[in-house]
Amino acid sequence: ALNETANRYSDLAGALRVLAFGQTLAWQLPWPAPFFGGRLLLDPLGAVFVAALALVGLAAAIYAPAYLERAGHRLSPVAQQALLGLLEASILGVLLADDLVGFLVAWELMTALATALVLSDGHRPAVVRAAVLYGVITHIGTLLAVAGLLWLASGADDLSFAALREAAGALGPGARVAIALLTLV
């Protein structure tokens with residue numbers, strides 16, 4: 001738990017540095033894949049959400065171990081803490097992704113890990129129903145968002161968010177509204 005707490009502090013420190021100085025931080029991952037540039041970006045707006053995520057993650061790292069010891073879930077407290085850490089990392093990926101493929105990969109990891117955490121208490125039928133409903137709803141929403149984002153990407157030079165913003169400027173108002181509705185449903 002100490003190592004996880006230290007990681008939360010570093011997330012928070014990076015986000016606060018971006019907020020304090022108004023700068024943008026960018027990282028290039030060493031393993032670009034097809035259609036994925038492997039670039040991560042933290043701007044001041046993203047830093048607000050990263051700071052919130054780090055604070056919630058810090059609280060979870062401090063208080064979850066004692067709760068999980070007595071909760072009686074199917075998974076061990078260590079396995080649940082690992083899932084929680086992976087969930088936080090996937091949410092961080094959603095917040096830092098600088099292209100469509102990286103965003104969607106992180107998004108799908110986030111929904112799968114959240115479902116796994118819900119199912120860790122899956123010995124009750126209501127929990128299993130909730131997890132199935134969550135999975136169905138998130139995948140319907142994801143499919144609609146992907147449809148809108150691919151529509152937008154069809155006019156872009158690449159799949160980076162900068163190229164998608166540029167492509168959005170070239171669309172007519174009706175297309176922009178339709179894409180916004182698809183991606184926000």
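Quick look at the structure, then. (Residues numbered from 1 in each chain as written. Predicted model: local features only at pLDDT ≥ 70, side-chain atom pairs only at ≥ 80, totals over all residues. Heavy atoms only, no water.)

**Looking at the overall build of the protein**
If you tally the helices and strands in the protein, you get 7 helices and 2 strands. Reading the protein from its N terminus to its C terminus gives the helix and strand order α-β-β-α-α-α-α-α-α. Scored against the burial criterion, the 185 residues of the protein give a buried share of 36%. Across the protein, contacts joining residues at least 24 apart in sequence account for 59% of those joining residues at least 6 apart. With the model as given, the accessible surface of the protein reaches about 10,700 Å², and the carbon-plus-sulfur share is 73%. (Helix = DSSP H or I, 4+ residues; strand = E, 2+ residues; numbered from the N terminus. Buried < 20%, exposed > 50% of the residue type's maximum accessible area, 1.4 Å probe, protein only. Contact = heavy atoms within 4.5 Å. Areas by Shrake-Rupley, 256 points an atom, 1.4 Å probe, with all protein chains shown as cover.)

**Some details on the packing of helix H2 (residues 44-71) against helix H3 (residues 77-96)**
Two elements in contact, H2 and H3, have axes whose closest approach is 10 Å; the angle formed by their N-to-C orientations is 175°. As summarised for this structure, H2 and H3 are arranged roughly antiparallel, according to the angle between their axes. Residues Phe 49, Val 50, Leu 53, Ala 54, Gly 57, Ala 60, Ala 61, Ala 64, Pro 65, Leu 68 and Glu 69 of H2 form the contact with H3, whose participating residues are Pro 77, Gln 80, Gln 81, Leu 84, Glu 88, Ile 91, Leu 92, Leu 95 and Leu 96. Counted by class, the contact of H2 with H3 contains 15 nonpolar, 3 polar and 2 charged residues. (Axes fitted to C-alpha atoms, helices over the stretch in contact; angles between N-to-C directions. Parallel < 35°, antiparallel > 145°, perpendicular 65-115°, else oblique. Nonpolar A, V, L, I, M, F, W, Y, C, P; charged D, E, K, R; others polar.)

**Some remarks on the side chain of Asp 99**
Topologically, Asp 99 is positioned in the loop between H3 and helix H4 (100-119). Although Asp 99 is buried, it makes no salt bridge; Arg 39 carries the closest opposite charge, 8.2 Å away. At 3.4 Å, the side chain of Asp 99 and the backbone nitrogen of Val 101 are in polar contact. (Lys, Arg positive; Asp, Glu negative; His and termini not counted. Salt bridge = Lys/Arg side-chain N within 4 Å of Asp/Glu carboxyl O. Polar contact = N/O pair within 3.5 Å; in protein donor to acceptor, adjacent residues only side chain to side chain.)

**Quick look at the nonpolar core**
Core analysis: the biggest nonpolar cluster contains 12 residues, these being Ala 15, Val 18, Leu 25, Leu 29, Leu 40, Leu 42, Ala 47, Val 50, Ala 51, Leu 53, Leu 92 and Leu 96. Put simply, the parts of the chain that give this core at least two residues each are helix H1 (2-21), strand E2 (39-42), H2 and H3. For this core, the element with the most residues is H2, which contributes 4 residues. Not counting residues up to four positions away in its chain, the partners in contact with Leu 25 are Gly 14, Arg 17, Val 18, Leu 40, Leu 41 and Leu 42. Judged by nonpolar contacts, the second largest core, of 10 residues, contains Leu 83, Phe 103, Ala 106 and Leu 117. (Core = buried A, V, L, I, M, F, W, Y, C linked by side-chain atoms within 4.5 Å.)

**Thoughts on the packing of H4 against helix H5 (residues 125-153)**
Interaxial distance between H4 and H5 falls to 9 Å at its minimum, and their mutual angle equals 175°. The pairing of H4 with H5 is recorded here as roughly antiparallel in orientation. For the pair H4 and H5, contact is made by Leu 100, Leu 104, Trp 107, Glu 108, Thr 111, Ala 114, Thr 115, Val 118 and Leu 119 and by Val 127, Val 128, Ala 131, Tyr 134, Thr 138, His 139, Thr 142, Val 146, Leu 149, Leu 150 and Ala 153, respectively. Classifying every residue of the contact of H4 with H5 by side-chain character gives 14 nonpolar, 5 polar and 1 charged.

**Here we look at the side chain of Asp 98**
You can see Asp 98 is positioned in the loop between H3 and H4. In this view, Asp 98 contacts Arg 39, Leu 40, Leu 41, Ser 160 and Phe 161; residues no more than four positions away in its chain are not counted.

**Considering a nonpolar patch on the surface**
Nonpolar side chains collect at one region of the surface, where Leu 16, Leu 19, Leu 45, Val 48 and Phe 49 lie side by side and expose about 470 Å² of accessible area between them. Counting only elements with at least two residues in the nonpolar patch, the list comes to H1 and H2. Within the element layout of this structure, Leu 19 appears in helix H1. Using a relative accessible area of 36% as the deciding quantity, one classes Leu 19 as partly exposed. (Patch = residues over 30% accessible without salt bridge, like charges linked within 9 Å, V, L, I, M, F, W, Y side chains within 5 Å.)

**Some thoughts on H3**
For H3, built from 20 residues, the straight-helix expectation of 28 Å at 1.5 Å per residue is met to within 8% by its first-to-last C-alpha distance of 28 Å. For H3, the complete set of buried residues consists of Gln 80, Gln 81, Leu 83, Leu 87, Glu 88, Ser 90, Leu 92, Gly 93, Val 94 and Leu 96. (Expected span 1.5 Å × (residues − 1).)

**Focus: the packing of aromatic side chains**
Note on aromatic pairs: each is described by the distance of the centres and the angle between the planes. This structure, assessed with the given rule, holds 2 aromatic pairs. Between Phe 103 and Phe 161 the ring centres are 6.0 Å apart and the planes differ by 75°, which places this aromatic pair in the edge-to-face class. A residue pair is termed long-range when its members are at least 10 positions apart, and Phe 103 in helix H4 and Phe 161 in helix H6 (residues 161-169) qualify at 58 residues. Taken together through their ring pairs, the aromatic side chains of Phe 103, Trp 107 and Phe 161 make up a single cluster. (Phe/Tyr/Trp six-rings, centres within 6.5 Å; stacked < 30°, edge-to-face > 60°.)

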